[in-house]
Amino acid sequence: MSTKTSKYRQEKQKIRRKNEKLEEEEQEKELTETEKKFNKIYPYLQKDKDFRYLRKFTQSRLHKSGGVQLLSKQEAKRQRVYCWQLIKTIGKEILEGKELTSVSMPIGLFEPRSFLERLSDGFAFAPIYLERAYESTTPVERLKNVITFAVSCIHLSLTNSKPFNPILGETYQSSFSNGTNIFCEQTSHHPPASSYELIGPNNNYYYYGQQIWSASFRGNKIKCTQTGSNTLEFKDGTKIVWDNPIIYISGILMGDRITNFRGSIKFTDKKNNLEAQVIFDPSQLGFFKGLLFSRKLSTQSVAGTIYKLSESKNKNKKIISTLSGTWLDQISFDKKLYWDIDENIPERPMPIKNPLPSDSLFRKDRNALLKLKMKEAGELKVKLEQKQRYDRKLRAKSDNLKKNKKK
């Protein structure tokens, strides 16, 4: 990105943030004291006429050293009180790298939403890029739009606080204005696995997959991995599959709270003999960065390549396109811009009316937290966790009885 382009983008971002602040100040005049307090803790959620609070998409805060800084100093200070409480309680296990998805967290670290609701945030560019992928006239152009969708959506699922872990069998249904329907369900308790499917308008595409989360504490940092594949199918038989990068959140106990992505995403289109790799923070490549990149790249940078695979195993892959940009604001292929955060607006998926009784919107702990009833929300969360553990024991007992009968 040229210096001129960078300065122009910074000015646009300043203007947008100023307008957002003015809009928030105007809305705040009509809020109750409880709602004002709510907005200070959860500034990324907004009230809706039909549904209590939903995700509000705003420009992520770019940190001077790279990555996203989500928390204000006041909110970081508030959350650290709970983080230190947790360490005092089970500190040794956490510091030794204990799996955090099995740890009961203090209610003060949570947002009033389930993970299934947050998962849906990550599909917000589907009406733009998955529709463009469907309309693409060549396999390469289709793959470019799918890659753009996958990378541009990443920052949309980043928020200040932790969502509630979905209970087994919990569901969440939402949709986009173009007719795309989203279905999410928690299909495993341990390891925690969330399954999803998106059905495009007129069945133009079918997007499905499963996210299996794992998180561990590393000093002042948390490492999050997302295993499980994402699959996108089109009417002509094209099937594109890809995986997920690794998330690092630093500044948990001290310093600025910064989120970055590492690793890479591999895309495969077997029908058309295409493959692609997108590398997050290419500078992490160490010695090889000097050979591949002529200048120092920011930590939010991405670089990638699309290959045409040879039908002969003895021949090398042929490079047919290159990707550059960042996962925060823009993506280009061969210097042609595909995504610009200032031009392409994500669409918030809206919860459907009259969902299943198992829907996240009916969780009692979630709804208590919406009203900032912290103590009640914490007690309800613990009850749900205890019930899940009991159910898990019953399932394990039933499985053992079945195995013994077979013997």
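Computed from a prediction, not measured in an experiment: that's the story for all the values here.

**Q** Looking at this structure, how should I read the overall build of the chain?
**A** Secondary structure assignment for the chain yields 9 helices and 20 strands. Evaluated residue by residue, the chain yields a buried proportion of 48% over its 407 residues. For the chain, restricting intrachain contacts to residue pairs at least 6 apart in sequence, the fraction spanning at least 24 positions comes to 60%.

**Q** Looking at this model, I keep getting lost on the environment of Gly228. Mind explaining?
**A** Position of Gly228 relative to the elements: it lies in the loop between β10 (221-227) and β11 (230-234). Given a relative accessible area of 30%, Gly228 falls into the partly exposed group. Distance in space between the C-alpha atoms of Gly228 and Gly209 is 7.0 Å, their sequence separation being 19 residues. Contacts of Gly228, omitting those with residues within four sequence positions, involve Gln210, Asp243 and Asn244.

**Q** Help me understand the pairing of β11 in this model?
**A** Strand residues, when the strand is regular, have side chains that alternate between the two faces of the sheet. For β11, the buried fraction is high: 4 of the 5 residues fall into the buried class. The pairing of strand β9 (residues 205-218) with β11 spans 5 bridges and is antiparallel. Its bridge partner lying in β11, Tyr205 is registered against Phe234. As defined by bridge partners, β11 adjoins strand β12 (residues 239-242) across 4 bridges and the pair is classed as antiparallel. Considered in β12, the bridge of Glu233 is made with Lys239. Between β11 and β12, which pair antiparallel in sequence order, lie 4 residues; one of them, Gly237, sits at a positive phi of approximately 95 degrees.

**Q** Explain helix α6 (residues 139-152) here, please?
**A** One full turn of an α-helix is made of 3.6 residues, so residues set three or four places apart face in the same direction. Here α6 spans 20 Å end to end across 14 residues, near enough to the 20 Å set by a 1.5 Å rise per residue. In terms of burial, α6 is a largely internal element, 11 of the 14 residues being buried. Among all positions in α6, only Arg142, Leu143, Lys144, Asn145, Val146, Ile147, Thr148, Phe149, Ala150, Val151 and Ser152 are buried.

**Q** Sorry if this is basic, but what is going on with the pattern of salt bridges here?
**A** Side chains that carry opposite charge are capable of pairing whenever their charged atoms lie near each other. The tally for this structure, following the rule as stated, stands at 14 salt bridges. The shortest N-O distance in the salt bridge between Glu233 and Lys239 comes to 3.7 Å. Residue Glu385 pairs with Lys381 through a salt bridge whose shortest N-O separation is 2.9 Å. Here Lys381 and Glu385 lie together in helix α9 (residues 374-406), a separation of 4 residues that amounts to about one turn. Here the salt bridges do not stand alone but share partners, grouping Glu111, Arg113, Arg118 and Asp121 into one network.

**Q** Would you mind showing me how to read the nonpolar core here?
**A** Nonpolar side chains in soluble globular proteins tend to end up buried together. In terms of nonpolar packing, the biggest core is built from 77 residues, with Ile147, Phe149, Tyr207, Trp242, Phe267 and Trp327 touching the most fellow members. If you tally residues by element for this core, the top one is α6, at 6 residues.

**Q** I keep staring at the packing of aromatic side chains and nothing clicks. Help me out?
**A** Any aromatic ring pair is given by two values, namely how distant the centres are and how the planes are angled relative to each other. Per the counting criterion, the structure on display carries 14 aromatic pairs. On the numbers, 6.0 Å between centres and 70 degrees between planes, the contact of Phe125 with Trp339 is edge-to-face. On the criterion of sequence distance, the pair formed by Phe125 in the loop between α4 (115-121) and α5 (126-135) and Trp339 in strand β19 (residues 336-340) is long-range, its members being 214 residues apart. Exposure class is identical for Phe125 and Trp339. Each is buried. Pairing Tyr196 with Tyr207 gives two aromatic rings, centres 5.2 Å apart and planes at 65 degrees, and the pair type is edge-to-face. One end of the pair, Tyr196, is in strand β8 (residues 193-199); the other, Tyr207, is in strand β9, and 11 residues separate them in sequence. Note on Tyr196: relative accessible area 4%, which makes it buried. Its relative accessible area of 5% is what places Tyr207 among the buried residues. Cluster of aromatic residues (ring-pair linked, three or more members): Phe123, Phe149, Tyr196, Tyr207, Trp242 and Phe267.

**Q** Where do I start with the environment of Lys64 in this structure?
**A** With respect to the helices and strands, the residue Lys64 is situated in the loop between β2 (53-55) and β3 (68-69). As a C-alpha pair, Lys64 and Ser298 span 234 residues in sequence and 9.6 Å in three-dimensional space.

**Q** Please clarify how unusual backbone geometry should be interpreted in this entry.
**A** Generally, phi is negative for residues other than glycine and the peptide bonds are trans, each holding for most cases. With an omega of 0 degrees, the peptide bond between His190 and Pro191 qualifies as cis. Locating Pro191 in the fold gives a position in the loop between β7 (181-188) and β8. Phi at Lys335 takes a positive value of approximately 70 degrees, unusual for a residue other than glycine. In this fold, Lys335 is placed in the loop between β18 (330-333) and β19. On the accessibility criterion, Lys335 (82% relative accessible area) is exposed. At Asn354, a residue that is not glycine, the phi angle is positive and equals roughly 60 degrees.

Cut-offs and rules
Residues numbered from 1 in each chain as written. Predicted model: local features only at pLDDT ≥ 70, side-chain atom pairs only at ≥ 80, totals over all residues. Heavy atoms only, no water. Helix = DSSP H or I, 4+ residues; strand = E, 2+ residues; numbered from the N terminus. Buried < 20%, exposed > 50% of the residue type's maximum accessible area, 1.4 Å probe, protein only. Contact = heavy atoms within 4.5 Å. Pairing = 2+ DSSP bridges. Expected span 1.5 Å × (residues − 1). Salt bridge = Lys/Arg side-chain N within 4 Å of Asp/Glu carboxyl O. Core = buried A, V, L, I, M, F, W, Y, C linked by side-chain atoms within 4.5 Å. Phe/Tyr/Trp six-rings, centres within 6.5 Å; stacked < 30°, edge-to-face > 60°.

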